[in-house]
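Listed below, chain by chain, are the residues.
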Amino acid sequence: MVLLRFAPSPTGPLHLGGLRMALYNHLYAKKHGGRWILRIEDTDATRYVPGSVDGIRRALDWAGLEYDFGPGKKGPHAPYFQSERLDLYKGYAKKLLETGHAYRCFCSMDRLSEVREKLARTGSNATYDRQCLHLTEEEVARRVKAGEKSVVRLNGTRLPTRPSGVDLIFGHLKDAHASLATDPILLKSDLFPTYHLASVVDDHEMGITHVLRGEEWLPSLPLHLDLYAALKLQPPQFAHLPILLNADGSKMSKRNGDVQVDDYIKRGWEPISVLNWLALAGWGARHDPFPEPTEPKSRPASPSSTHSHQSGTTDAPDSTAVYTLPELVNEFDLTSITHRNSTLDPMKLEYLNKQHLLQHRSTPEGLTAMAERVHDLIKDAFPESPHTSIEMIKKAIVLLEGRLTNLKELPLHVFYLFEEPDLQSEEALGMVKALDPQDRELVLSSVRKALSEVPEPWEDQDILKVLHDTRKEIKASTKVFMKTLRHALTGFKDGPAIHDIIKVLGPIRTLDRLKSVSSSN
């Protein structure tokens, strides 16, 4: 069975890049009839932010991405917090020590800093001089027994022979050891593992078949494959996703723009719209999968790069194509992910959100659900209004048709449905400033008279024809006629068609407003 994992660190709220990673894990797992795990990588206590795990779970729940195993759920892979799996990592570190693939290092932080500076001055790419690699077993045992603190390092002089790396997105990778730290630390002096050891151990122990993670981990892939080989473990397949960028090409940052999922929740974006937006960021043309690696005769020593991959391709989906989550599952293909960093255009999110809102309101059930979601918002915005029922909110949503980009904007667009318009506002006064008072009075009185003769319910009547006939009868210009009515009924220069607004307001409120404005002229 295909089994994936989303493994965030609890260092703060879930951000868009993390949500996209969870989404891709979800899509791949469901596409292939598999499952996915939520694993919390909390081995760095210095960066832990209380409440982060609950926040991550809330964000995933909001997005509708239900993990199969993880915190709050039973399963065969528990525990799901790395801080509760420390004995496991120590056991694997011991195996590496016993086979000579790792060694203990007792060097102080001061000495390590001096060594790095000295090596850098000589032009060396090395970051450590391997002093502790040459300690005898007796010396190591003596210093451990004496209580000296040490770390466990990978022995870079005894790297096992293994197949070259293949990434499901970037293809065949050449050796990249020259870019890695010299003999990377696997187990810290506090007995907590580094990401390198913990991720390899957990992915093996949990039976992970595919690892989807950020491109920033691509340079570490050779190290991780070395660990699998040194431990004689079968590695999973890897896919490294290019990073997300702002629309201007800058790197997404917590200090630059909205990157936290909580921001999008608070602003009222539809979960599926955000998922749709993230899924299509960097979704390019599909190509044939990369072939599996073969066992090399000897380890190459060239720098990291990718080989070109000639393959059959299919067209990429439009970056604003509208998908439901099941449709995303059906369409998703790792081979369609581009190698380039992906930009997130806010305008595309607005478009997608508008389209998803239209889909939601196209069914009676969807329309009711939308109205119920904003019921409290409307009541809070208009606490004195008697017109904040679910039925009125449903009519308001339908009235706006394709004008509504975000459901939370409903009170701003059609406030005049829930309260009386302020006809003394600067905008309202500006609407009729250039109109002749007598022309306005003729329009108001004529329309009031015509509408008062229309039988109820007005929803079943052709109000547009009534207005058209009235305008022709009094020989008013379209501009004067429409501005006068829009001012009287809404006090707002933009909005849906006047005849549709009249139907929603109904006979009593419409005629009262027309009379009120007429009396004040």
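Heads up: the structure comes first, above all this text.
Along each chain, residue indices are assigned from 1 in the same order as the chain's sequence is written. Per-residue local features are limited, in this predicted model, to residues with pLDDT of at least 70; the limit for side-chain atom pairs, both in listing and counting, is 80 or more; totals at the level of whole chains, interfaces and linings are taken over all residues. Working from all heavy atoms in the structure, the side-chain values ignore hydrogens and water.

Caption draft 1: The packing of aromatic side chains, seen in detail. Here a Phe, Tyr or Trp ring, Trp counted by its six-membered ring, pairs with any other such ring whose centre lies within 6.5 Å, and the pair is stacked when the planes are under 30 degrees apart, edge-to-face when over 60, and tilted otherwise. One pass over the full model with this rule turns up 9 aromatic pairs. On the numbers, 6.3 Å between centres and 20° between planes, the contact of Trp-283 with Tyr-323 is stacked. Placement of the pair is Trp-283 in the loop between helix H9 (271-280) and strand S11 (286-287) and Tyr-323 in the loop between strand S12 (313-314) and helix H10 (325-331), with a sequence separation of 40 residues. Think of it in three bands: with a 1.4 Å probe and only protein chains considered, a residue is buried below 20% of the maximum accessible area for its type, exposed above 50%, and partly exposed in between. Taking the relative accessible area as the measure of exposure, Tyr-323 reaches 13% and is therefore buried. In this text, helices come from DSSP runs of H or I with a minimum length of four residues, and strands from runs of E with a minimum of two, each type numbered from the N-terminal end.

Caption draft 2: Molecular detail of unusual backbone geometry. For the bond running from Ala-78 to Pro-79, omega is 0°, close enough to zero to count as cis. Looking at the element boundaries, Pro-79 is found in the loop between helix H2 (52-63) and helix H3 (86-98). Glu-456 connects to Pro-457 through a cis peptide bond whose omega is 0°. Along the chain, Pro-457 falls in the loop between helix H17 (437-452) and helix H18 (463-474). Phi angles above zero are rare outside glycine, and Arg-130 is one such case at about 60°. The topology assignment puts Arg-130 in the loop between helix H4 (109-121) and helix H5 (137-145). Looking at Arg-130, the relative accessible area reads 25%, which means it is partly exposed. Backbone geometry at Glu-401 places phi at a positive 50°, although glycine is not the residue there.

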